Each structure stands twice: as structure tokens, then as C-alpha cells.
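Overview (structure and organization)
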Amino acid sequence: GYDWELLGKSCSLLNVYLRDPAHVLLLRSFAKPGDLRGCWFGGYTGERREPARQRWAPWKQIFSGLNSAWFYAPYTRVGGSGEVGFRPDLSPYDCWSATASEVDRLKSGIDRLLLTAERDDRAIALVYSRSSALVSALDPAYDEHLTALAAMAELLADAGFSFRVISATSLEDGAQLRSACQAVFLPACVALSDQAGAGLRHFAEAGGVVVADWGTGRYDEHGKRRERGALDELFGLQRNGPPGFVQPVGGIPGFLPQTSVDGSIRIRKAWPKRFVGGVPVLITSSHGAGVAVYLNFSLISYPATGGARGASLQAWLRQLLARDGLPEPVLAKGQWGAPHRVETCRWRNGELSFIGLLKHPDTPQVGEDLELALPPGQHAYDVLAGRYLGVGKTVAFHLGPGEVKLISLGPERIKSVKLERLKGDEYVTPAYRITVGKGRRPVLSARVVHVRVFDPGGFPYRAGTVTLLAPEGSCEYDVPFGLGDPAPGRWRVEVTDAATGIRQEVAFTIRAKD
């Protein structure tokens, strides 16, 4: 019964368990700038022996817009279930090592790139309704709201769309809603106010897309049952008596192999696109420049279907959202058609954009081969591999359970990272000007660079590790030696452009007399 909107707006620090997808979605949705958000994961019994899950967990939080990772527990005397990351001799268990390696990769500048970027999710909104969460818990006739929210979110992600979560109170002003997004999805929003219904009608007439599943608006915001649903007129349907739930044999062919439908639904002023056993299950109604779609079936079985078996449902969704003002989906193809449980996300950071693909750990260990068509006119890089991919090509790669692929796109090809030694009395330690270039000229846009320093023994000098913002492609860096004398010998400075993985290093020597 938590009010997630109130929690989000009231708490500067808020964590949930990563295993609950609806809670993870809601965690970032109502956060204020500067709030700390993250998920508990790590050495829990049942998870600690799953390296794919440990690799996936930090990236899942970045994909979810969260800015911290909480490992339970490096060491603890409580719990009694072996929920630790380190042995008594302080050597790490595999669960800690797998997590730490991915956190290191993220902290090599990728975290700064993505957390300061704008998620490309403004066009599509998924609705959270606390009233619906409470009513659906009391009336088991329809799907539980948060379960349906997670299922609809997974369908959108599998279809290649990024989205955000908004509160049901945001629906009441239709004009403002239309200026904020182009499509609204209502997962098991069984309790809606009259004002929300009026706002959604205005939204659709102004050109918006409204998609809802069964039972939407059957109650008001106080939990009082309605004779007619708040949105029945919008969807052009009528109800012939109380809900009559049936589970058609074979589900909905091409959509879901197993689901439930409401046999009491009849068409009043709409166009049924699909029937199952004489029951309309896909109902479309036009309103001005917009459209309203009623899914007269349960979506909560979708996560267990997903992937290639949900390909027809994903294709239908992409066709529905192929409208002006809505972004093109990230279209990855797997060996058997649609990828199996591969989450996609897009970000924008200045003139750069990023495409991320993350495979769920609960998938076959062999993984799958994928292909991704890149947008034309943009130079593409495999960020983690530091490899140039060309312009407008289709790239092929393998993605195993818990693995991630991150691609950066920009208008110019980055060819070099240069380090120029700075001299002068003001520099008491080795100092360099770092320049990210496109040949002989520096780029004129902001870049993020990651700097590492290695001592004469080849070990990382932790005090020298830093991520820097390079306005107009350039910045300065001083090696931060402390009060103690640095070890004599040959030191190395390594600089990486975070968006492309292009790397350069230089060496300097500390003599004993220095």
C-alpha cells in the first residue's frame, strides 16, 4: 500500500530490492534532482552463485535511471545465510568479484556520460495509480496494478521503446499531458477519477495515443464501483453485465499463448481488430487526430512469454506507435526473430546519443546472436570494446545472460586522444592538456574523459584515477601526488574518451633526486 509518488517526493535516499521490477520502475519516477536512488542486491542466498545476475545488476540500475548500487553485504554477522561478499581471510567471493568488475567499467566515465544524459523517454508514458494498486489488491477479479505495470513495461522495452512513469494525477489536464508526451499506457488502472477520464479524452482528441488493458476505469479514485467504466466511451465499448472472465484455449493466437479475457465486453462504437471465441480482444477507436486502444485481456503472463514468442505482439505495438512525434524503436533482431528478454534504452547527451541493450540473466546460458541496424548519418562506436563501427551499418554481436552492449552515436568521427605536457613554475607535479580530436582539429563539443595513473610497478595509483569533463573537447590534468615522495621510476598516464573507448597513454619519469 505504499504511495510511491509521495515516497519519491519525500525521501532523498530510497532503496528497493532489485528483484521487484515494478518497484525499480517507480523508484526513479518521482525522484528530485540530487536524490540518491539504488537497489539492494549481492550476496543474498539464491543469487550469490549466479555470476550473470551479479554482472547484470549494476547495469540494470543504470538502465533504470538509478545513481547508486547497494551490495549486501561485504561482511555481516547477521542473516545466517552466507550473505557476504568476502571470506574471513578477506578474499572475495565470486558474487563480489563479478559485481566489482562491472562497477569498475561503469566508473570509467560511462556513469558520468549516462547519468548526466537525458533519457530519450519523454514521448511514451506508463501510468502509476495508487488508487488502482489498492483497489486491485482488494478485488482480485482484475490484474494487480503493479504486476501489470511491470508486464507492460517489459513489453515496451522488448519492442524497443524507452518510456517513463507518470502519476495518474497527471492525466487530469489533457492539454498539459499532450504537450508532455504522445502516448499513454494504462496498466490495470482499474480506479480512475472523472477528471482523469476527461483529460484522457482531450489527450486523444488532440492527437495522442491511449492504450489500456482490461478493467480500466471500473472504479472511481475512491474505490467505488462504476456502472460504466470511466473510459468506456473513449474506447467505444459497453459491458454486458458483470465481468465474465474466461481463459481461451491456446490464448490469443500470435499474441499470448495463455491469458484471460472478459467475455462481457461488447462493441458500441469502435473497430474490433481481433476476436477470440467471439470475444473482441483488440478494440480500436479513433478520436480526432488520436486513437484509443483497449486490450481486453490480461498482460501479466507476457514476461513468461517474451522474446520470439511475443514477436507478434511487439510488432503490433511498433505499428501502432509508428506516428509523428514518436521515436523510432531500437530494432534488434535475434536468431529466432525478436530477441529474448533484451532491454533497450536510449540517452542523449548534447550532440551524442547512446543505445544500450541489456540481456536479462534469467535466459539460456548460450545467449544469442543479435543484429542491430544503426541510424544513418551517425558515426557509431562500441563503447565497451573501444571499436569504431562505421556510419549507418548493421552490426552483429553475441549477447549472453547478464551482458550489455553500449553504442555511442555522434556527428563526427573521433580519431585521437592527445596528451600535451604542460610546463611552467605553476606546475609542481606532471600536468597535461588532454584533447579529444577528429584528426588534427579538436572536437568543439563537451566530452567525458577518464584518467588512470600507474606507478613504476604497474599498479594503479588510485589517487590519480578521475573522470573529467572536457568542455569543447579539452581539459587539463595534474597528477595529484600527496605530501609523501612518489616512487622513483617510470610512471604512466592513461586517458580514455568515455564515449568511444579511444585511449592514449604517456609516460613520465620520477628520479630519486626529484
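Residues numbered from 1 in each chain as written. Predicted model: local features only at pLDDT ≥ 70, side-chain atom pairs only at ≥ 80, totals over all residues. Heavy atoms only, no water.

Regarding its fold elements, the protein chain presents eleven helices and 30 strands. The proportion of buried residues among the 514 residues of the protein chain is 54%. At a minimum sequence separation of 6, the contacts of the protein chain that also span at least 24 residues come to 66%. Carbon and sulfur atoms make up 51% of the accessible area of the protein chain, which totals about 23200 Å². Within the protein chain, one finds 60 positive and 54 negative side-chain charges whose respective centroids are separated by 3 Å. (Helix = DSSP H or I, 4+ residues; strand = E, 2+ residues; numbered from the N terminus. Buried < 20%, exposed > 50% of the residue type's maximum accessible area, 1.4 Å probe, protein only. Contact = heavy atoms within 4.5 Å. Areas by Shrake-Rupley, 256 points an atom, 1.4 Å probe, with all protein chains shown as cover. Lys, Arg positive; Asp, Glu negative; His and termini not counted. Charge placed at Lys NZ, Arg CZ, Asp CG, Glu CD.)

A few words on the state of the cysteines. Taken as a whole, this structure holds zero disulfides when the rule is applied. The thiol of cysteine 11 is not disulfide-bonded; the next cysteine sulfur, from cysteine 39, is found 15 Å away. Residue classification places cysteine 11 among the partly exposed positions, given a relative accessible area of 22%. In this structure cysteine 345 is a free cysteine whose sulfur lies 15 Å from that of cysteine 39, the closest cysteine sulfur available. The class of cysteine 345 is buried, set by a relative accessible area of 1%. (Disulfide = S-S within 2.5 Å.)

Another aspect to go through is helix α6 (residues 145-158). For α6, with 14 residues, the first-to-last C-alpha span of 20 Å sits near the 20 Å given by 1.5 Å per residue. Burial within α6 is extensive, with 13 of its 14 residues counted as buried. A side-chain oxygen of the first residue of α6 lies 3.1 Å from the backbone nitrogen of leucine 146; this N-cap is glutamate 144. (Expected span 1.5 Å × (residues − 1). Polar contact = N/O pair within 3.5 Å; in protein donor to acceptor, adjacent residues only side chain to side chain.)

Their axes nearest at 9 Å, the elements α6 and helix α11 (residues 311-320) cross at an angle of 75 degrees. What the angle tells us is that α6 and α11 run roughly perpendicular. Listed contacts from α11 to Leu155, Leu156 and Asp158 of α6 are Leu313, Gln314, Leu317 and Arg318. Within the contact of α6 with α11, the residues separate by chemical class into four nonpolar, one polar and two charged. (Axes fitted to C-alpha atoms, helices over the stretch in contact; angles between N-to-C directions. Parallel < 35°, antiparallel > 145°, perpendicular 65-115°, else oblique. Nonpolar A, V, L, I, M, F, W, Y, C, P; charged D, E, K, R; others polar.)

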